[in-house]
Amino acid sequence: RGWTKKKGGGHGKFTWGRPGDETFMTEPELSRYDPNYDSLDDEDESNVIFDVLEYHQQMARKAGISLDGFQGGGHLFGAPPAPPQAAAAQRSVPLADSLPAKIPLKDFKAKCMELVDEFLTSEDTEELKDDLTAMHSPMLHYEFVRRAITLAMERSARERELVSELLSKLYGARVLSSEQCGKGFERLFEVVEDLQLDIPAAKRYISQFLARAVADEILPPSFLSDPLIERLGGEVIDHAKVLLSIKHGLVRLDNVWGTTSAASVDDLKQEIKMLLQEFINSSDIDEACECIKRLGVPHFHHEIIKRAVVLSLDFSEREQAMMSSLLAELGKREIISDKQVEIGFRRLYAALQDLELDVPGASKILEVFINQAAKDNCLPAQTVEAIKKRYLNGAKSAPTTN
């Protein structure tokens, strides 16, 4: 058998072809991912960088990793700006707000009512902040906002001012987020008609709280122009816009609840202190009672109880007896209510540890005052026992300053 001869020769197995074929040979096209690949040889150089990125993205997808949003990942020079609508939809929410609550909603609501009620008595923002944080349920903080405002609407202008200041301080301390505050107002919008049955001025109050929240930068002004919020809030939103648009509106909103700002409260405390000192100097119980009545602040009479006892810590027994007689006379003339007397003594016992630091033996003097108040029918005996039981068994202390 012989070899079959190919026509023209060459191109057989294991041959290089015919002489001269090498001049017409072309190099095989290299893959762009081949280490020997040179982008300069590519006719289309404009997409080289992005093709490499696509390759890395493909590899990342195979590994189950997302490069979206990383600088030099999904976009070489960072992510492109999102459209306004998308930016609004993707508004960042604090991580804590998305964490599951540690206690049931029902229990959280009840605790919020208790915390706010205690705060309006003690005015201790730090204690409330600690207690609210200790519940570890930031995703339910909108309910705290709703409950605080609802409870304040049932009280006087001073309590409404206290809650406005409280929301601002909690937001500044990053306990409350803007999102949770906004959600709290949304819940109020949903129940405003029911609230009006018990609080006829509910819409006006909520609009004042809302305008104050915007003025205090808790909520952005854009909150009031959100179509959904406008539709949900209706008249409340319209009134809030009016309050913010009037001349010097932001300044006026500091006194949206009247002359109950921190400065005026400090002035009132100073006036009470001077009035009590004047009584010790003059011993004129009728004049003291008349001056207290003229103050016209029955919701703040608990400060008189507290200040009277605190001042007495540095007085003689005779002067302490005079002060106790004044408190008895104020109760007898119904100038100070039993509730205000109770609040005053609760504040004193809550601050007892600090009082002891300033005046050793303060607890004994305080016990004399509260027992005498019970004898003078200013406080029921069971209330006295309840106060002692609560605050003398490891209760928290509150600062006595201010």
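The structure we're discussing is the one just above.
Reference entry: report on the structure contained in this document. All figures in this text were calculated on a predicted structure; none of them were measured in a lab.

## Things to note about the packing of aromatic side chains
- Applying the stated criterion across every chain, the model contains zero aromatic pairs.
- In this structure, K183 packs its charged tip against the face of Y142, placed 4.3 Å from the ring centre.

## A look at the packing of helix 3 (residues 105–122) against helix 5 (residues 141–153)
- With their axes 9 Å apart at the nearest point, helix 3 and helix 5 run at an angle of 45 degrees to one another. For the element pair helix 3 / helix 5, the angle class is oblique. Like other packed secondary-structure pairs, helix 3 and helix 5 cross with a definite hand, here right-handed. Two secondary-structure elements touch here, helix 3 through L105, F108, K109, C112, M113, V116, D117 and L120 and helix 5 through H141, Y142, E143, F144, R147, A148 and L151.
- Class assignment of the residues belonging to the contact of helix 3 with helix 5 gives a composition of 10 nonpolar, one polar and four charged.

## Looking at the nonpolar core
- Of all hydrophobic cores here, the largest spans 53 residues; its most connected members are F144, F185, I206 and L210.
- At the level of secondary structure, the elements contributing two or more residues to this core comprise helix 3, helix 4 (125–134), helix 5, helix 6 (157–172), helix 7 (178–198), helix 8 (202–215) and helix 10 (235–245).
- Beyond its immediate stretch of four places on either side in the chain, I206 contacts M153, F185, L188, F189, V192, L195 and V236.
- Among the nonpolar cores identified, the runner-up in size contains 45 residues, and L268, I292, I336 and L379 belong to it.

## Concerning the side chain of Q340
- Relative to the assigned elements, Q340 resides in helix 16 (residues 338–350).
- At 3.3 Å, the side chain of Q340 forms a polar contact with the backbone nitrogen of H301.
- Those residues in contact with Q340 that lie beyond four places of it in its chain are P298, H299, F300, H301, H302 and I305.

## Topic: the pattern of salt bridges
- If you walk through the whole model with that rule in mind, you get 20 salt bridges.
- Ionic contacts of the salt-bridge type, sharing partners, join the residues E143, R146 and R147 into one network.

## Quick word on the packing of helix 13 (residues 285–295) against helix 15 (residues 317–332)
- Contact pair helix 13 / helix 15: the axes reach a minimum separation of 10 Å and the direction vectors enclose 55 degrees. With respect to each other, helix 13 and helix 15 are oriented oblique. Judged by the sense of rotation from one axis to the other, the crossing of helix 13 with helix 15 is right-handed. Facing I285, A288, C289 and I292 of helix 13, the residues of helix 15 in contact are S325, L326, E329 and L330.
- Classifying every residue of the contact of helix 13 with helix 15 gives six nonpolar, one polar and one charged.

## A short note on helix 14 (residues 302–312)
- Buried residues dominate helix 14, accounting for 10 of its 11 residues.
- Every buried residue belonging to helix 14 is among H302, E303, I304, I305, K306, R307, A308, V309, L311 and S312, and all of these are buried.

## A short note on empty space enclosed by the protein
- Applying the stated criterion to the full structure yields three cavities of 30 Å³ or more.
- As a volume, the largest cavity reaches approximately 70 Å³.
- Lining of the largest cavity is provided by 13 residues; of these, I305, L327, V341, A373 and C378 occupy positions nearest its centre.
- In terms of residues, the lining of the largest cavity owes the most to one element, helix 15, which gives four residues.
- Here the residues of the lining of the largest cavity are counted per class, giving nine nonpolar, three polar and one charged.

## Observations concerning the state of the cysteines
- Taken as a whole and assessed by the stated rule, the structure comprises zero disulfides.
- C291 supplies the cysteine sulfur nearest to C289, a cysteine that is in no disulfide, at a spacing of 9.4 Å.

## Observations concerning unusual backbone geometry
- Its identity as a non-glycine residue notwithstanding, E217 has a phi of 65 degrees, on the positive side.
- Its relative accessible area of 61% is what places E217 among the exposed residues.
- Non-glycine residue S283 carries a positive phi angle of around 60 degrees.
- Relative to the helices and strands, S283 is located in the loop between helix 12 (262–282) and helix 13.

## Overview of the side chain of S177
- Along the chain, S177 turns up in the loop between helix 6 and helix 7.
- By relative accessible area, S177 is classed as buried at 12%.
- There is a polar contact of 3.1 Å between the side chain of S177 and the backbone nitrogen of Q180.

Cut-offs and rules
Residues numbered from 1 in each chain as written. Predicted model: local features only at pLDDT ≥ 70, side-chain atom pairs only at ≥ 80, totals over all residues. Heavy atoms only, no water. Phe/Tyr/Trp six-rings, centres within 6.5 Å; stacked < 30°, edge-to-face > 60°. Lys NZ or Arg CZ within 6 Å of the ring centre and 35° of its normal. Axes fitted to C-alpha atoms, helices over the stretch in contact; angles between N-to-C directions. Helix = DSSP H or I, 4+ residues; strand = E, 2+ residues; numbered from the N terminus. Parallel < 35°, antiparallel > 145°, perpendicular 65-115°, else oblique. Left-handed = near helix turned anticlockwise from the far one by under 90°. Contact = heavy atoms within 4.5 Å. Nonpolar A, V, L, I, M, F, W, Y, C, P; charged D, E, K, R; others polar. Core = buried A, V, L, I, M, F, W, Y, C linked by side-chain atoms within 4.5 Å. Buried < 20%, exposed > 50% of the residue type's maximum accessible area, 1.4 Å probe, protein only. Polar contact = N/O pair within 3.5 Å; in protein donor to acceptor, adjacent residues only side chain to side chain. Salt bridge = Lys/Arg side-chain N within 4 Å of Asp/Glu carboxyl O. 1 Å grid on protein atoms, 1.4 Å probe; cavity = no way out; pocket = protein on both sides within 12 Å on 5 of 7 lines; lining within 4 Å. Points joined across faces, edges and corners; volume = space filled by probe spheres on them. Disulfide = S-S within 2.5 Å.

In short, the description is geometric, and any link to function would need to be established separately.
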